[in-house]
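The lines below spell out each chain.
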Amino acid sequence: MRNELFDSAVWEKAWKEDPYTGVNKMKRAGIDPAHSLDSAAKSFNKEVFSEEGRRRAKRIMNWLEDQGVEFSGSSVLDIGAASGGFSVPFAERGADVTAVETSRPLIELLEQNSSGLANGTVKMVHEPFENIDLKTRGWERAFDLVFVSMCPVLIDWASVEKVLSCAKAFCYMSLSVGSRKHSLVDEVWPLVTDRPRETEHLEMIYLTQLLLLKGYSYQSLVTQEMKTTKVSKETAFNDTITWLNMYGIETDDRVRHIVSRHLDTRYPGEGVEIRQGGRFGKVLVRLENQHMYDREDRI
């Protein structure tokens, strides 16, 4: 095998310089990753706390518990907590949660969602995680579980090391694995460009390879998750233009006209049903007990 496959410095450099990571694509499209949900905070919150959203959170939490994570009486750092889709259920299972979130609209919703908890606590930190001095804050090896789900904080190995340094027992991280799917973008793509939409391999490969090369014990899981939402034509149009920008398509007047005409023709009613999702990777790093977990260990 080629030696560079086993050289962590090569993988660190590749991740840091990759122009096609999710965060870099958002920046090219003029989107601030830390505030990408500001204008859609209420609709995002509604989806997160819907029946399906709660089921999704429960599935992930149950998987964590199956690997030995305990929530009752534990300390949890939720980085990129948004409106509390995980912070709140963590607390409902008895955890004391420190929720870090940059977006003011999401923080306000998190405050509402976490009020009146019968179990656990949620303490909010309205500050970018990147700016936090861990030693001054007393966060070094301070949390039983550090949880980072699809958060733009994870941009390279240095950011992963900072996240890991907060955990004393477990650290959960999730990232995209491959191309994100969006039914409306798939429909208009051949109408606005003469090139096929390329298959992507996103940053999950960097994370798992570097954890492997640097000697960490971890479990990983890759699943395909899809959801269906109904939005207004205006929202569908704006979302599609944003996605095309992220994929390097110049959204000039011609492209905008094609997208608008397609929406009017294909969706004559008021709403547009969009199916989107993709493959997502989940990693649980074991920092304390690094051996293979057995449920009998709980007894």
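Description of the structure in this document.

The final tally for this structure, using the stated rule, is 15 salt bridges. Across the salt bridge formed by E51 and R55, the nearest N and O atoms sit 3.0 Å from each other. Separated by four residues within a single helix, E51 and R55 lie in helix 4 (residues 51-66), roughly one turn from each other. Across the pair D144 and K168 runs a salt bridge whose closest N-O atoms are separated by 3.7 Å. With a gap of 24 residues between them, D144 in strand 4 (residues 143-149) and K168 in strand 5 (residues 167-176) connect regions that are remote in the sequence.

Glancing now at the pairing of strand 3 (residues 121-125). Of the strand pairs in this sheet, strand 2 (residues 96-100) and strand 3 are connected by five bridges, and their pairing is parallel. Bridge assignment links V100 to a residue of strand 3, and that residue is V125. As a crossover connection, the stretch from strand 2 through helix 6 (residues 104-114) into strand 3 is right-handed.

Our next topic: helix 3 (residues 41-48). At 3.6 residues per turn, the α-helix brings residues three or four places apart onto the same side. The complete set of buried residues in helix 3 reads A41, N45 and V48. Projected down its long axis, helix 3 shows its buried positions confined to an angular sector of 65°, all on one face. For helix 3, exposure combined with an orientation more than 90 degrees from the buried face picks out K42 and K46.

For the rest of this paragraph, the subject is the packing of helix 11 (residues 233-246) against helix 12 (residues 253-266). How two helices pack is summed up by the angle between their axes together with the distance between the axes. Running from N to C, helix 11 and helix 12 point in directions that differ by 140°, and their axes come no closer than 10 Å. By the angle class used here, helix 11 and helix 12 are oblique. Seen along the crossing, helix 11 lies across helix 12 with a hand that is right-handed. Contacts from K233, A236, F237, T240, I241 and L244 of helix 11 reach helix 12 at V255, R256, V259, S260, L263 and D264. Residue classes in the contact of helix 11 with helix 12 are distributed as seven nonpolar, two polar and three charged.

What follows is about the packing of aromatic side chains. Evaluation of the coordinates by the stated rule reveals 12 aromatic pairs. Between F147 and Y172, the ring centres sit 4.6 Å apart and the planes meet at 5°, which makes this aromatic pair stacked. Residue F147 is located in strand 4, and its partner Y172 is located in strand 5; the two are separated by 25 residues in the primary sequence. Take Y172: its relative accessible area is 1%, and that puts it in the buried class. Seen from the ring of W139, R137 lies directly overhead, with NZ or CZ sitting 5.3 Å from the centre. Here the basic side chain of K162 rests over the ring of F129, its NZ or CZ set 5.0 Å away from the ring centre.

Reading the values: the criteria
Residues numbered from 1 in each chain as written. Predicted model: local features only at pLDDT ≥ 70, side-chain atom pairs only at ≥ 80, totals over all residues. Heavy atoms only, no water. Salt bridge = Lys/Arg side-chain N within 4 Å of Asp/Glu carboxyl O. Helix = DSSP H or I, 4+ residues; strand = E, 2+ residues; numbered from the N terminus. Pairing = 2+ DSSP bridges. Right-handed = clockwise from strand over helix to strand, strands pointing away. Buried < 20%, exposed > 50% of the residue type's maximum accessible area, 1.4 Å probe, protein only. Arc of directions from axis to C-beta. Axes fitted to C-alpha atoms, helices over the stretch in contact; angles between N-to-C directions. Parallel < 35°, antiparallel > 145°, perpendicular 65-115°, else oblique. Left-handed = near helix turned anticlockwise from the far one by under 90°. Contact = heavy atoms within 4.5 Å. Nonpolar A, V, L, I, M, F, W, Y, C, P; charged D, E, K, R; others polar. Phe/Tyr/Trp six-rings, centres within 6.5 Å; stacked < 30°, edge-to-face > 60°. Lys NZ or Arg CZ within 6 Å of the ring centre and 35° of its normal.

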